[in-house]
Amino acid sequence: MKNVTCIEDLRNIARCKVPRAFFDYVEAGSYSQETLRANRVDLEQVKLRQRVMVDVSSRDTATTMVGETVSLPLGLGPVAMTGLERGNGEILACRAAHAAGIPFTMSTLSICSIEDLAAAVDKPFWFQLYVMKDRGFVRSLIERAAAAKCSALVLTVDLQVLGQRHVDIKNGLSVPPALKIKNLINMMTKPGWVFSVLSGKRWTFGNLDGHVKGMGNVKSLAQWVGSQFDETLNWKDVEWVRSIWPGKLIIKGILDVEDARVAAKTGATALVVSNHGGRQLDGAASSISMLPKVVDAVGSEIEVLFDGGIRTGQDVLRALALGARGCLIGRAYIFGLGAGGEAGVAKAIDIIRKELEVSMALTGVNRVDEIGRHVLLR
Ligand code: GLV
């Protein structure tokens, strides 16, 4: 890890260490990947203002996100199947996040269960919720998150149906990993991964195992999402979730001003401007292009978080300058996890922290609350 200086380095190592189906799953966008690419291209087009001769010796990246003190405006977002990028991946990533003083979000579709993770870490984590057809089960998931003392519920609202990712079909992605010749050959070239996943606690969706029918071997994620996820999901369901979960609620997957206005009236603590990392509606606008519009519409009513293409501390600075309170990363930390487990995730966070610190200095700011649109060239 000594020669790792950027997230791209972690990605290159992860690509060698993680079996193709799981690496590709994380990396892919949906369909032609237009929105996936737009997330990065548009971020790079947001130009920072170089400022000089400002005393920047008292820099501090600490702030709050949904009222929680964080050492930098960054959280680990929910990623399905993290425990198949590396055995016990959710536990390793959560430990790295907590050690760095930032939040970790566990996905409903994680490999460890809520209870596994709660037993393995000593600080509260956030829990991401997918609303499935079986509302009794959804209620029990929320209750399990409350019993595990999760400090926020992240309700994903942009995945009632799954945007197709071509590689997942081509790779025959399945959970637990399908032991087909093609996959076995690929896995044999990744002995570290085989060892870590075999010594992991579980190989299938830990939160659903034993609760949801047809979980034994999920042949195709798309098929399974199609059978379990609820296409009828609508804003009334948010009221229902609220009635069961009185704690902090974060609505994730808002990309439209009209939707943001509705989300702001739900009593949620925050919303996340997100297009699911370019994995859902292909052809949708980039996340960063919608951020200032959402902030202008509802920023005074609800905290606005951001995800979509963050790979550097400069990207975090851009999103904050456009009004985000904090950012979530997915791929950037999963690459760290695949590359080096807990230390790899810690490295990913550290890279982004240092880039943010330096970029704050070179734009002439000392504190996160001094970051605003004046930091951008317009
Ligand atoms: C699930 O959240 C996915 O994007 O695959």
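In short, a report on the structure. Everything numeric in this text was worked out from a predicted model, so none of it was measured.

Rules behind the numbers
Residues numbered from 1 in each chain as written. Predicted model: local features only at pLDDT ≥ 70, side-chain atom pairs only at ≥ 80, totals over all residues. Heavy atoms only, no water. Helix = DSSP H or I, 4+ residues; strand = E, 2+ residues; numbered from the N terminus. Buried < 20%, exposed > 50% of the residue type's maximum accessible area, 1.4 Å probe, protein only. Core = buried A, V, L, I, M, F, W, Y, C linked by side-chain atoms within 4.5 Å. Contact = heavy atoms within 4.5 Å. Salt bridge = Lys/Arg side-chain N within 4 Å of Asp/Glu carboxyl O. 1 Å grid on protein atoms, 1.4 Å probe; cavity = no way out; pocket = protein on both sides within 12 Å on 5 of 7 lines; lining within 4 Å. Points joined across faces, edges and corners; volume = space filled by probe spheres on them. Nonpolar A, V, L, I, M, F, W, Y, C, P; charged D, E, K, R; others polar.

1. With respect to the environment of Asp209
Next, step 1: Tracing the sequence through the fold places Asp209 in the loop between α9 (191-198) and α10 (221-228).
Next, step 2: The class of Asp209 is partly exposed, set by a relative accessible area of 35%.

2. What to know about the nonpolar core
Across soluble globular proteins, nonpolar side chains have a tendency to be buried as a group.
Next, step 1: Leu76, Phe104, Leu129, Leu271 and Leu291 are the most contacted members of the largest nonpolar core, which totals 116 residues.
Next, step 2: For this core, the element with the highest residue contribution is helix α15 (residues 331-362), accounting for 13 residues.
Next, step 3: Among residues more than four places away in sequence, those in contact with Phe104 are Leu76, Glu90, Ala93, Cys94, Ala97, Leu117, Phe125, Trp126 and Tyr333.
Next, step 4: Grouped together as the second largest cluster of nonpolar side chains are 11 residues, Val66, Val70, Trp126 and Ala152 included.

3. Considering the pattern of salt bridges
Next, step 1: Summed over all chains, the structure comprises 17 salt bridges.
Next, step 2: For Asp307, the salt bridge is made with Lys252, and the minimal N-O distance between the two is 3.9 Å. Of this pair, Asp307 sits in the loop between β9 (303-306) and α14 (313-321) while Lys252 sits in strand β7 (residues 248-254), placing them 55 residues apart in sequence.
Next, step 3: Between Lys354 and Asp350 there is a salt bridge, with its nearest N and O atoms 2.7 Å apart. You can see Lys354 and its partner Asp350 sitting in helix α15, 4 residues apart, about one turn around the helix.
Next, step 4: Salt bridges here are not isolated pairs; linked through shared partners, they connect Arg40, Glu44, Asp315 and Arg318.

4. Description of the layout of surface pockets
Next, step 1: Roughly 420 Å³ of volume is contained in the largest pocket.
Next, step 2: Lining the largest pocket are 23 residues, and of these Val157, Asp158, Gln160, Gly253 and Asp259 lie nearest its centre.
Next, step 3: Secondary structure elements with two or more residues in the lining of the largest pocket: α11 (235-244) and β7.
Next, step 4: Looking at the lining of the largest pocket, the element that brings in the most residues is α11, giving 4 residues.
Next, step 5: Of the residues that constitute the lining of the largest pocket, the class distribution is 13 nonpolar, 6 polar and 4 charged.

From the geometry alone we can't say anything about function, so treat these as descriptive.
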